[in-house]
Amino acid sequence: MRLMNEIAIKLKRRKLRKRWLKERAELILDILGVKDSELSILITTDEEIRELNKAYRGKDEPTDVLSFPIGEKVGDRLILGDVVISLDTANRQALEWGCGLDEEVERLLAHGIIHLLGYDHELGGEEERKFKALEEKVNAELRRG
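Residues numbered from 1 in each chain as written. Predicted model: local features only at pLDDT ≥ 70, side-chain atom pairs only at ≥ 80, totals over all residues. Heavy atoms only, no water.

(A) View of the overall build of the protein chain. When you go through the protein chain residue by residue, the secondary structure sums to five helices and four strands. Secondary structure of the protein chain in N-to-C order comes out as β-α-β-α-β-β-α-α-α. Taking 15 Å as the expected radius of gyration for a compact globule of 145 residues, we find that the protein chain reaches 15 Å, a close match to that expectation. By its C-alpha atoms, the protein chain is 45 × 30 × 25 Å across when sized along the principal axes. When each of the 145 residues of the protein chain is scored for burial, the buried share is 44%. Put simply, 59% of the contacts in the protein chain that link residues at least 6 apart link residues at least 24 apart. Of the roughly 8200 Å² of accessible surface on the protein chain, 47% is carried by carbon and sulfur atoms. Across the protein chain, 26 positive and 30 negative side-chain charges occur, with their mean positions spaced 3 Å apart. (Helix = DSSP H or I, 4+ residues; strand = E, 2+ residues; numbered from the N terminus. Rg over C-alpha atoms; globule rule 2.2 N^0.38 Å. Buried < 20%, exposed > 50% of the residue type's maximum accessible area, 1.4 Å probe, protein only. Contact = heavy atoms within 4.5 Å. Areas by Shrake-Rupley, 256 points an atom, 1.4 Å probe, with all protein chains shown as cover. Lys, Arg positive; Asp, Glu negative; His and termini not counted. Charge placed at Lys NZ, Arg CZ, Asp CG, Glu CD.)

And the structure:
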């Protein structure tokens, strides 16, 4: 029996539709070749992401996206972890960069999922190059449709 990706979504801000977010996450996972996985997505506020950023990264400020990787196999399923996106910050960035909110959320979701797969652009060098290449590939595919 073939397992599918399982995606749990919690929206603390209702500007996005769960179905749309799930479809975009599925597409990102497909582009990255990820099958039989579990992913959790939380769309929240600047206030809540600031609290998480302070608790887990020691930075007392809001950010756009946080990733909490698990990366463990349970049976045939890979538990990827959690992606948390601040809709407040995504909205500001979309306005600043002249794109739609949906496009910015997609970009942040892809960024967060790539982190869950073990890539970290903050390490610099070759690791940053690999991260950026994957991110560019995913974003190009998302723009195509």
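That shown, we press on.
(B) Up close: the nonpolar core. Grouped together as the largest cluster of nonpolar side chains are 33 residues, with contacts concentrated most on L21, L39, I41, V105 and L109. Elements supplying a minimum of two residues to this core: β1 (6-11), α1 (18-31), β2 (37-44), β4 (77-86), α3 (87-97), α4 (101-116) and α5 (125-144). The dominant element in this core, judged by the number of residues it contributes, is α4, at eight residues. Sequence-distant contacts of L109, defined by excluding residues within four places in its chain, comprise L21, R24, A25, I28, I41, V83 and I85. (Core = buried A, V, L, I, M, F, W, Y, C linked by side-chain atoms within 4.5 Å.)

(C) Region of interest: the packing of α4 against α5. Relative orientation of the contacting elements α4 and α5 amounts to 140°, with a least axis distance of 10 Å. As far as their axial angle goes, α5 and α4 are oblique. For the pair α4 and α5, the crossing hand works out as right-handed. Listed contacts from α5 to E106, R107, A110, H111, I114 and H115 of α4 are F131, L134, E135, V138, N139 and L142. (Axes fitted to C-alpha atoms, helices over the stretch in contact; angles between N-to-C directions. Parallel < 35°, antiparallel > 145°, perpendicular 65-115°, else oblique. Left-handed = near helix turned anticlockwise from the far one by under 90°.)

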